[in-house]
Amino acid sequence: QVHLVESGGGLVQAGGSLRLSCAASGGTFSRYAMGWFRQAPGQEHKFVATISWSGDKTYYADSVKGRFTISRDNAKNTVYLQMNSLKPEETAVYYCAATLHRQYYSGNHYLYDYWGQGTQVTVSS
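Notes on the structure follow. The shown structure was predicted, so the numbers you read here are calculated from the model rather than taken from an experiment.

### Side note on the sheet that holds strand 7 (residues 68-73)
Phase 1: In space, the four strands of this open sheet follow the order 1-3-8-7, with antiparallel pairing throughout. Each edge of the open sheet carries a strand with a single partner, namely strand 1 (3-7) and strand 7. Mean inter-strand twist for the sheet, computed between neighbouring axes without regard to direction, equals 15°.

### So, unusual backbone geometry
Phase 1: At N77, a position not held by glycine, the phi torsion is positive, near 55°.
Phase 2: As for its position among the elements, N77 is in the loop between strand 7 and strand 8 (78-83).
Phase 3: Accessibility expressed as a relative area gives 27% for N77, which makes it partly exposed.

### Comments concerning the packing of aromatic side chains
Phase 1: Tallied over the entire structure, the rule returns ten aromatic pairs.
Phase 2: Considering the side-chain rings of W53 and Y104, the 5.0 Å spacing of their centres and the 75° angle between planes classify their relative orientation as edge-to-face. Taken as a pair, W53 in the loop between strand 5 (46-51) and strand 6 (58-60) and Y104 in the loop between strand 9 (92-99) and strand 10 (114-115) lie far apart in primary sequence, 51 residues in all.
Phase 3: Residue classification places W53 among the partly exposed residues on the basis of a relative accessible area of 25%.
Phase 4: With 5.6 Å between their ring centres and 80° between their planes, Y104 and Y105 make a pair best called edge-to-face.
Phase 5: You can call Y105 partly exposed: its relative accessible area is 41%.
Phase 6: An aromatic cluster of at least three residues, connected via ring pairs, comprises F37, F47, Y95, Y112 and W115.
Phase 7: When the ring centre of Y80 is taken as reference, the NZ or CZ atom of R19 above it lies at 4.0 Å.

### Details of the nonpolar core
Phase 1: One finds M34, W36, L81, M83 and Y94 to be the most contacted residues of the largest nonpolar core, which totals 37 residues.
Phase 2: Listing elements by their share of this core, those giving two or more residues are strand 3 (18-25), strand 4 (33-39), strand 5, strand 7, strand 8, strand 9 and strand 11 (119-124).
Phase 3: For this core, the element with the highest residue contribution is strand 9, accounting for five residues.
Phase 4: For M34, the residues in contact, after removing those within four places along its chain, are L4, C22, F29, A49, T50, I51, I70, R72, V79, A97, A98 and Y112.

### Observations concerning the pairing of strand 5
Phase 1: Strand 5 sits mainly inside the fold: five of its six residues count as buried.
Phase 2: As defined by bridge partners, strand 4 adjoins strand 5 across five bridges and the pair is classed as antiparallel. Along strand 5, the bridge assignment pairs R38 with K46.
Phase 3: Hairpin connection, strand 4 to strand 5: the antiparallel pair is bridged by six residues, and G42 has positive phi, about 80°.
Phase 4: Inspection of the sheet shows strand 5 paired to strand 6 by three bridges, in the antiparallel sense.

### Regarding the pattern of salt bridges
Phase 1: One pass over the structure, following the stated rule, counts four salt bridges.
Phase 2: Notably, a salt bridge pairs E90 with R38, separated by 3.3 Å at the nearest N-O pair. One end of the pair, E90, is in the loop between strand 8 and strand 9; the other, R38, is in strand 4, and 52 residues separate them in sequence. The exposure classification of E90 matches that of R38, with both residues buried.
Phase 3: Across the pair K57 and D56 runs a salt bridge, and its minimum N-O distance is 3.5 Å.
Phase 4: When its relative accessible area of 40% is taken as the criterion, K57 is described as partly exposed.
Phase 5: Connected via shared salt-bridge partners are R38, R67 and E90.

Procedures and definitions
- Residues numbered from 1 in each chain as written.
- Predicted model: local features only at pLDDT ≥ 70, side-chain atom pairs only at ≥ 80, totals over all residues.
- Heavy atoms only, no water.
- Pairing = 2+ DSSP bridges.
- Helix = DSSP H or I, 4+ residues; strand = E, 2+ residues; numbered from the N terminus.
- Axes fitted to C-alpha atoms, helices over the stretch in contact; angles between N-to-C directions.
- Buried < 20%, exposed > 50% of the residue type's maximum accessible area, 1.4 Å probe, protein only.
- Phe/Tyr/Trp six-rings, centres within 6.5 Å; stacked < 30°, edge-to-face > 60°.
- Lys NZ or Arg CZ within 6 Å of the ring centre and 35° of its normal.
- Core = buried A, V, L, I, M, F, W, Y, C linked by side-chain atoms within 4.5 Å.
- Contact = heavy atoms within 4.5 Å.
- Salt bridge = Lys/Arg side-chain N within 4 Å of Asp/Glu carboxyl O.

This is the structure in structure tokens:
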């Protein structure tokens, strides 16, 4: 059982930056691929980014490529999401998630077994 806790959300102006963190406990963190998803009101979870077990492979939604960076520190059991040039339409609750599934890179949120409680990101125009 993996317990995930996100932090770093908040209110930022359009064009600004935020860095989200997700701390894991209760499992062997380095065995899990990690992903970030976001959910706006009335919408399903949408894939943002994912990173492999070792951190050598990363995948991004087309909408965030070049602006967001996912990274992980297995010594600290933490995954990060650096978000730059934020847009108002990216206002959502951001979740981190963990999976052992080999197709973690597909962005399919149903493949992720463990989820954090989410952190709110609000981008004002």
